[in-house]
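Architecture at a glance
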Amino acid sequence: MADTTIDFQEWTSHHVRRFRRRLLHWFSAHRRDLPWRKDRNPYAIWISEIMLQQTQVATVIPYFERFLARFPDVHALAQATEEDVLQVWAGLGYYRRARQLHTAAKQLVAQTNGRFPQRVDQLQQLPGIGRYTAAAIASQAFDVPAGILEANTQRVYARLLALEGDPRRGLAQRILWQFAERLHAVGEGKAGELNQGLMELGSLICSPTSPACTRCPVADQCSAQRNGDAAAYGTFSRRPRVTELHHAALLIRRGNRWLMRQNDAHQWWTGLWDFPRIELPAELATAAGRSSPSVKGRHQPLPADVAAKLQELAHASYTLSCRPHHLVGRLTHSVTRFRIRLQCIVAEGHRIRLAHLPGQWKWVEPSAHSLPFTSTARRITQQILT
DNA sequence: AAATCGGGGAT
DNA sequence: ATCCCAGATTT
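None of the values given here were measured: they were computed from a predicted structure.

Rules used throughout
- Residues numbered from 1 in each chain as written.
- Chains lettered and ligands numbered in written order.
- Predicted model: local features only at pLDDT ≥ 70, side-chain atom pairs only at ≥ 80, totals over all residues.
- Heavy atoms only, no water.
- Near = heavy atom within 4 Å.
- Polar contact = N/O pair within 3.5 Å; in protein donor to acceptor, adjacent residues only side chain to side chain.
- Nonpolar A, V, L, I, M, F, W, Y, C, P; charged D, E, K, R; others polar.
- Domains from an automatic or database assignment.
- Contact = heavy atoms within 4.5 Å.
- Buried area = accessible area lost by both parts, 1.4 Å probe.
- Salt bridge = Lys/Arg side-chain N within 4 Å of Asp/Glu carboxyl O.
- Helix = DSSP H or I, 4+ residues; strand = E, 2+ residues; numbered from the N terminus.
- Axes fitted to C-alpha atoms, helices over the stretch in contact; angles between N-to-C directions.
- Parallel < 35°, antiparallel > 145°, perpendicular 65-115°, else oblique.
- Expected span 1.5 Å × (residues − 1).
- Buried < 20%, exposed > 50% of the residue type's maximum accessible area, 1.4 Å probe, protein only.
- Pairing = 2+ DSSP bridges.
- Phe/Tyr/Trp six-rings, centres within 6.5 Å; stacked < 30°, edge-to-face > 60°.

1. Quick look at the protein's contact with DNA strand B
Around DNA strand B sit 17 residues, and of these T55, Y95, W268, W269 and T336 come closest. Within 4 Å of the protein, atoms of DNA strand B come from sugar and phosphate in 56% of cases. One of the side-chain nitrogen or oxygen atoms of Y94 is found 2.9 Å away from a base oxygen of DNA strand B. Within the side chain of Y95, one N or O atom sits 2.9 Å away from a phosphate oxygen of DNA strand B. Classifying every residue of the surface near DNA strand B gives six nonpolar, ten polar and one charged.

2. Quick word on the domain arrangement of chain A
The parts lose accessible area when they come together, and the size of an interface is often stated as this lost area. We note that the domain assignment places domain 1 (13-232) and domain 2 (243-384) within chain A. Taking the mean C-alpha position of each, domain 1 and domain 2 sit 38 Å from one another. Contact with domain 1, which involves eight residues of that partner, is made by 14 residues of domain 2. Buried surface at the junction of domain 1 and domain 2, both sides included, amounts to about 790 Å², of which 58% is carbon and sulfur. Inspection of the region where domain 1 meets domain 2 yields zero salt bridges. There are two residue pairs in polar contact (both at pLDDT 80 or more) connecting domain 1 and domain 2. It is helix α5 (residues 82-89) that contributes the most residues to the side of domain 1 that touches domain 2, three residues altogether. When its residues are assigned to classes, the side of domain 1 that touches domain 2 shows four nonpolar, two polar and two charged.

3. Examining the packing of helix α9 (residues 151-161) against helix α10 (residues 170-182)
Between two packed helices, both the angle of their axes relative to each other and the distance between the axes serve to describe the pair. Running from N to C, α9 and α10 cross one another at 90 degrees; their axes reach a closest spacing of 10 Å. The orientation of α9 with respect to α10, classified from their angle, is roughly perpendicular. Along its contact with α9, which presents Q154, Y157, A158, L160 and L161, the element α10 presents Q173, I175, L176, F179 and A180.

4. A closer look at α10
Between its terminal C-alpha atoms α10 stretches 19 Å, which fits the 18 Å expected from 13 residues at 1.5 Å a residue. Every buried residue of α10 is listed here: A172, Q173, I175, L176, W177, Q178, F179, A180 and R182. Packing partners of the buried residues in α10 comprise α1 (13-30), α8 (131-142) and α9.

5. Some details on the pairing of strand β2 (residues 257-262)
When you tally the buried positions in β2, you get five out of six residues, the bulk of the element. Bridging between strand β1 (residues 243-254) and β2 involves two bridges; their strand directions are antiparallel. Looking at β2, one finds that R253 is bridged to W258. Taking the residues that link successive antiparallel strands as the turn, the β1-β2 hairpin has two residues, and the phi of G255 there is positive, at about 65 degrees. Here four bridges tie β2 to strand β8 (residues 361-364), and the two strands are oriented antiparallel to one another. Its bridge partner being in β8, L259 is matched across the sheet by W363. By the bridge criterion, two bridges tie β2 to strand β3 (residues 273-274) in an arrangement that is antiparallel. Across the sheet, R261 pairs through a bridge with D274, a residue of β3.

6. With respect to the packing of aromatic side chains
The tally for this structure, following the rule as stated, stands at twelve aromatic pairs. Where W11 meets F179, the ring centres are 5.0 Å apart and the plane angle is 85 degrees; that geometry is what we call edge-to-face. In this pair, W11 sits in the segment before α1 while F179 sits in helix α10, placing the two residues 168 residues apart along the sequence. Each of the two residues, W11 as well as F179, counts as buried. Arranged with centres 6.1 Å apart and planes meeting at 65 degrees, the rings of Y43 and W46 form a pair that is edge-to-face. Pair noted here: Y43 and W46 are both in helix α2 (residues 42-51), with a separation of three residues, about one helical turn.

As structure tokens, then:
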């Protein structure tokens with residue numbers, strides 16, 4: 001590696017040992033009873049780590065339980081269809097994770113009969129596994145002494161070192177990865193416990209805005225704490241501004257089924273099913289909702305000019321012939337830096353032939369979602385179509 | 001280095 | 001309302 005090595009001054013072997021000893025002791029008393037901590041099954045640890053990418057523990061738990069029940073081992077996952085996998089994943093977000101998980105499972109079965117490699121560099125070859133996830137799996141499943149750096153440990157290390165600035169920026173990342181490895185360099189084993197303890201500390205004690213330094217087992221080894229204000233370190237610089245978008249979902253019924261389409265590879269929610277959506281120009285967005293404020297359960301007729309414009313847009317986007325006529329609800333949701341205001345509009349379909357529409361379309365019963373629905377499609381079926 | 005990719009918990 | 005979350009990958 002071309003990086004210059006940083007000596008971390010006070011972090012001598014002795015200092016690291018003391019830190020590890022106290023952290024491991026604290027962790028043994030405070031570790032949460034999380035479902036992926038029942039044993040050291042690399043498959044379960046792998047699934048949990050992928051689900052936990054940019055996703056909070058509380059959100060992951062029910063998805064993890066359902067996923068393991070449905071796909072108990074790597075062979076079951078490899079044999080599933082991608083749609084099966086997405087169906088269990090639906091609602092969790094970042095759907096590329098699910099597709100890559102499925103691809104990796106098939107690779108593992110084909111290449112090693114489903115056995116997991118133990119080395120970080122080997123794990124990192126698998127799709128969806130980067131440096132953090134490879135180190136997390138190797139350390140937790142096999143006690144490989146590999147440092148980790150993620151949301152919790154970025155903050156914890158930055159505070160231990162009193163590192164100024166955004167811990168995600170380039171130079172800081174190099175320093176923090178080196179520090180992560182330094183904590184494993186004393187050769188005392190328990191790599192998995194150490195890494196989980198570090199994250200648990202970041203989650204339970206060393207929180208973003210109000211770190212509980214009085215309860216911290218390693219406070220006296222923390223430079224930020226000694227400087228008097230731990231919360232001043234390890235924080236992020238401002239995020240990009242939120243951009244507001246306006247979409248319309250067209251709700252088109254035939255009998256007790258509704259027209260839905262599958263998002264393709266160059267769209268949001270790739271592979272998931274949703275009602276056909278149209279992006280609305282700003283002037284139309286305000287016009288569509290101008291009739292009156294939203295009243296729950298009340299259907300509002302669309303102004304004629306708005307209905308005509310929506311009809312045009314539906315045809316331009318999908319060659320879909322329909323006559324939009326009522327606004328039946330509004331939802332707001334977000335995709336990364338966008339906030340989408342979604343108007344749900346019932347339309348009358350006109351001689352719709354699925355085979356003539358671009359991409360994958362189906363008439364779907366909303367109650368029986370065996371298909372992977374987007375979260376908004378689920379909300380629409382539950383709140384608006386009932 | 002910056003942009004992309006979701007959805008919800010916590011404050 | 002806003003910030004943030006056991007990141008990886010592409011541009």
